[in-house]
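Spelled out from the first residue to the last, the chains are:
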Amino acid sequence: MRITCVVDDAVLRSSPFWGEHGVTFLIETEAQRALFDTGQSGTVLLHNLELLDVEPATIDALAISHAHYDHTGGLSALLEHVRPGTPLYANPDLFRERFSRREGKPRRVGLSISEEALAAHLALCLDAAPQEILPGIWTTGEIVERPEPEGSSDYHLMRESDALVADTYRDDMALVLQAGESLVLLCGCCHAGLLNTLAHVERAFELPIAVITGGLHLTSASANELQDTADVLSARPALQRVYPNHCTGEAAFVALTQNLGSHVVRPCPAGTILEF
Ligand SMILES: [Fe+2]
Ligand SMILES: [Fe+2]
C-alpha cells in the first residue's frame, strides 16, 4: 500500500510540484488506485498528477472528505479525465451549501458543482456508514459521537432551510487503510476533531492505529487541547508515525513533536510518498 500526497499547502524548496491551500492524496494498492479529495483547483491537481505520471483514467475510486472548496475545487476539471461511472464516496450531507463569513457577506466555500452534474459522470455512493472504496480501504463514515473538541471555525456556516447556521461538519470523514494488523488513518481536514475521529475508528475497526496523516485541523485548538491531544496519542503504543500537513497548524506540530518526538515526521508536502 502506498500513499502519495498529490496536493498540499506546502511544497519542498525547488520542487516541481505546485502547492495551494488544499489537499489530495493518492492511495495505491498492488492493483488499484483511489484519490482522496481533489485540492482547490484542477490546475494544481492535474499538474501534480502529471508529474507523478498518474493518468486520471487509471483511478478506480474517488472519495471526498467534506464539501469545502480546498478539498473539492479540483472535481470539475477531474471529471473530464476520469472513466465514466467511476465511484465517488462521500457523506450524503456533501451537497449542503456551506459558507465562510469573516466580515461582510458570507462567501460560498462548499462544492462548486451540483449533485446532478457529478451524477452524470460518476457513480455517487453517498452513505453516512463506513464504505469500502477498494479492498482494505474504507471511509470512516460519519463521526457521530463528538465528546472531544471539533476542528471548527467560528466563520464556517451552512444552510439550514432559509437560515445560515454554524456548520456542524456532519459531512466530515476520513479514510482508514488496513496495513497488516494495524490501520493507517488518512484525514482530509478533520473538522470532526482528531480525538473524536480516533475514537470512532478504534470502535468501528477494532485494530490499532499505527499511522496518522493528513490535515488535522488543530489551528484553533488551545494549549490545553493540544496537550490533551498529545497525551491521547502518547498513550497509544501502537502509534508509530504522525505525518501532519494541510490545516494542522504550526502550534500543533510543535506540541505534538515535543510530546511524541521522532514519531512526528515532517514535512509531508506535495510529492511525499509513504509506503506501508
Ligand atoms: Fe474544511
Ligand atoms: Fe481543508
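Just above sits the structure.
Here goes a summary of the coordinates provided. Bear in mind the structure is a predicted one, so any value in this text is a computation, not a measurement.

Conventions adopted
Residues numbered from 1 in each chain as written. Chains lettered and ligands numbered in written order. Predicted model: local features only at pLDDT ≥ 70, side-chain atom pairs only at ≥ 80, totals over all residues. Heavy atoms only, no water. Helix = DSSP H or I, 4+ residues; strand = E, 2+ residues; numbered from the N terminus. Buried < 20%, exposed > 50% of the residue type's maximum accessible area, 1.4 Å probe, protein only. Contact = heavy atoms within 4.5 Å. Pairing = 2+ DSSP bridges. Axes fitted to C-alpha atoms, helices over the stretch in contact; angles between N-to-C directions. Donors = N, O, S within 2.8 Å, 3.2 Å for Na, K, Ca; no water. Tetrahedral: all angles 85-135°; square planar, octahedral: opposite > 155°, others 65-115°. Salt bridge = Lys/Arg side-chain N within 4 Å of Asp/Glu carboxyl O.

## Some details on the environment of Val 201
Next, step 1: Here Val 201 shows up in helix 5 (residues 194-205).
Next, step 2: A residue is classified by how much of its surface remains accessible, and Val 201, at 0% relative accessible area, is buried.
Next, step 3: Taking the C-alpha atoms as reference, Val 201 lies 8.7 Å from Ile 143; in sequence the two are 58 residues apart.
Next, step 4: What Val 201 contacts, discounting residues up to four positions off in sequence, is Thr 140, Val 176, Leu 183, Leu 185, Glu 206 and Ile 209.

## Thoughts on the sheet that holds strand 3 (residues 33-36)
What links the strands of a sheet is backbone hydrogen bonding, and the strands pair in either a parallel or an antiparallel sense.
Next, step 1: If you walk across this open sheet you meet the seven strands as 8-5-4-3-2-1-17, and the pairing is mixed. Edge positions in the sheet fall to strand 8 (123-126) and strand 17 (273-275), since each has one partner strand and no second. Strand-to-strand twist across the sheet, computed as the mean angle between neighbouring axes with direction ignored, equals 20 degrees.
Next, step 2: As defined by bridge partners, strand 4 (residues 61-63) adjoins strand 5 (residues 87-90) across two bridges and the pair is classed as parallel. Its bridge partner being in strand 5, Leu 62 is matched across the sheet by Leu 88.
Next, step 3: Sitting on the sheet, helix 1 (residues 42-51) touches strand 1 (2-7), strand 2 (24-28) and strand 3, and the angle it makes with strand 1 is about 135 degrees.

## Here's the deal with the coordination of the iron ion (ligand 2)
Ideal coordination angles are 109.5 degrees for a metal with four donors arranged tetrahedrally and 90 or 180 degrees for a metal with six donors arranged octahedrally.
Next, step 1: Listed as protein donors to the iron ion (ligand 2) are Asp 70 (OD), His 71 (NE2), Cys 189 (SG) and His 246 (NE2); their distances from the metal cover 2.1 to 2.2 Å.
Next, step 2: Coordination at the iron ion (ligand 2) is irregular: its four donor atoms span angles of 86 to 161 degrees at the metal.
Next, step 3: Donor residues binding the iron ion (ligand 2) come from one chain and are separated in sequence as D-H-x117-C-x56-H.
Next, step 4: The distance between the iron ion (ligand 2) and the iron ion (ligand 1) is 3.6 Å. In this pair, Asp 70 is assigned in helix 2 (residues 69-72) and His 246 in the loop between strand 16 (241-245) and helix 7 (250-260), connecting sequence segments 176 residues apart.
Next, step 5: A relative accessible area of 4% means that Asp 70 is categorised as buried.
Next, step 6: Exposure remark for His 246: the relative accessible area of 10% places this residue in the buried category.

## A look at the coordination of the iron ion (ligand 1)
Next, step 1: Within the protein, the iron ion (ligand 1) binds to His 66 (NE2), His 68 (ND1) and His 191 (NE2); these donor distances fall in the range 2.1 to 2.3 Å.
Next, step 2: Going along the chain, you hit the donors of the iron ion (ligand 1) in the pattern H-x1-H-x122-H.

## Section: the pattern of salt bridges
Next, step 1: Under the criterion given, the structure shown has 14 salt bridges.
Next, step 2: We note a salt bridge from Glu 28 to Arg 2, for which the minimum N-O separation is 3.3 Å. Of the two residues, Glu 28 sits in strand 2 while Arg 2 sits in strand 1, which places them 26 residues apart along the sequence.
Next, step 3: Among the ionic pairs, Arg 146 bridges to Glu 150, the shortest N-O distance being 3.0 Å.
Next, step 4: Given the relative accessible area of 32%, Glu 150 is considered partly exposed.
Next, step 5: Here the residues in one salt-bridge network are Asp 93, Arg 96, Arg 98, Glu 160, Asp 167 and Asp 171, joined through shared partners.

Interpretation in functional terms is not warranted from these geometric data alone.
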